[in-house]
Amino acid sequence: MMKFEYYNPTRLIFGAGSLERLGEVVSKYGKKALLVIGKGSVKKTGTFDRAVASLEKAGVKVVEFSGVEPNPRFTTVLKGAETAKKHGCDVVVALGGGSVMDASKVIAATVLYEGNPKDMFVRAGSGKMPRLPEKALPVVTVPTLAATGSEMNNGAVITIDDEDEPLKTFVMAEALYPRAAVVDPELTLTVPKNYTAYGVADIITHVTESYLNNTEETPIQDRFAEGVILTAIEYGPRAVENGQDLNARTQLQWASIVALNGWVQVGVNAPYPVHQIEHAISGLYDVPHGAGLAVVNPAWMRFAAKHNPDRFVQFAQRIFGVPVEGRDKLEVAMEGIDRFEEFLRSIGCPTRLSELGIGEITEDVLYHWAEKTLEVLCDEEGRLPGVPPLSKEDIVEVLKMAI
Ligand SMILES: [Fe+2]
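Residues numbered from 1 in each chain as written. Predicted model: local features only at pLDDT ≥ 70, side-chain atom pairs only at ≥ 80, totals over all residues.

### Section: the overall build of the protein
Working step 1: Counting its secondary structure elements, the protein contains 14 helices and eight strands.
Working step 2: Its C-alpha atoms give the protein a radius of gyration of 20 Å, near enough to 22 Å, the size a compact globule of 403 residues would have.
Working step 3: When its C-alpha atoms are laid out on the principal axes, the protein stretches across 65 × 45 × 45 Å.
Working step 4: When burial is assessed residue by residue, the protein has 52% of its 403 residues classed as buried.
Working step 5: For the protein, contacts bridging at least 24 residues in sequence account for 78% of all contacts bridging at least 6. (Helix = DSSP H or I, 4+ residues; strand = E, 2+ residues; numbered from the N terminus. Rg over C-alpha atoms; globule rule 2.2 N^0.38 Å. Buried ≥ 20, exposed ≤ 12 C-beta atoms within 10 Å, placed from the backbone. Contact = placed C-beta atoms within 7 Å.)

### So, the sheet that holds strand E2 (residues 32-36)
Working step 1: Within the open sheet, the six strands sit side by side as E1-E8-E5-E4-E2-E3. Their pairing is parallel. Sheet topology places strand E1 (11-14) and strand E3 (61-65) at the edges, where each strand pairs with a single neighbour. Averaged over neighbouring strand pairs, the angle between their axes works out to 20° when direction is ignored.
Working step 2: The sheet contacts of helix H4 (residues 74-87) involve E2, E3 and strand E4 (91-96), and relative to E2 the element is tilted by about 160°. (Pairing = 2+ DSSP bridges. Axes fitted to C-alpha atoms, helices over the stretch in contact; angles between N-to-C directions.)

### A closer look at the pairing of E2
Working step 1: For E2, the buried fraction is high: four of the five residues fall into the buried class.
Working step 2: Pairing analysis gives five bridges linking E2 to E3, with the strands arranged parallel. By the bridge assignment, alanine 33 is partnered in E3 with valine 62.
Working step 3: Alignment of E2 against E4, held across four bridges, turns out to be parallel. Looking at the pairing, leucine 35 lines up with valine 93 of E4.

Quick look at the structure:
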């Protein structure tokens, strides 16, 4: 296990019916809330009205900012920050999925950022270090989807959209921790089957990104990660089958938080190569993040297992009960990956690039995606951090395995 320091200041209010407490929670942090939502599904479900009622009952004024798109854009964030400034908002409430929560965090930081807010994002390929935000308006997250775990962490993924070509990158900063997360699994009962399944793929990938990266002697972290994966595998199909299954929705919602509030990753190498490769694709083509991960993760696993079979043997054995005795390690590892891919397919996730609807995928296209990946994150030798580190050619090889 590696040395670590852990800090997560987000107050977590969890359970069915928690939305009623939103006003009480937000009123601790501000009197005028920028209420950030996506394209309006929270209005159709009545969640928006209930959130506003709770806020107003607690004496919190509401300024609506709607229209945050999936794979949220930098220019949208700028508009949100302008709206917050214009109306003098002193707290930001994120009511939606990962896109809304990530946009809200960056809006909250942009309001108080000195200089060009674009400088806060990671662009390792440029050789420039990000200038992290040091403060932000308080944020309260209210997730309506079990997936990104953004409700209780310090990260945000944003697509820079005002340059020649979109670039999906990220920021991680202490100032971005939400003050509180009001997590009400009832809000996820109306999530359609496909997005429920994409959420499951996202949750599992958040923990495989650390689990499969080879830090020695991490028994507790391993079992945390396995707990998240096994829970997602048990309850994911139930939620896909019957969206109204509140218990399944509750377990998934909790799994999404545990997967990425930092607890599973402490003391473990967690470089997130699958996310970086996926971001290059979803940034360019607006693919749902979880769908992209369901395609890239098994492909990356097949590549990485050859370099690092022991971890994959453990994954195969402990998650899928693959027999190990007297068998070749790589054979066991590959069987585990096959089983994982079958699981993703069984809940309705795509597992091939051709299923993402992004047109012809030539060698040149794959190299372009690899370059976009490395533009965001690379080590001093220009490789994507991970086990193994991936050169441009390696990324292309991974992507070819997903065709
Ligand atoms: Fe993710």
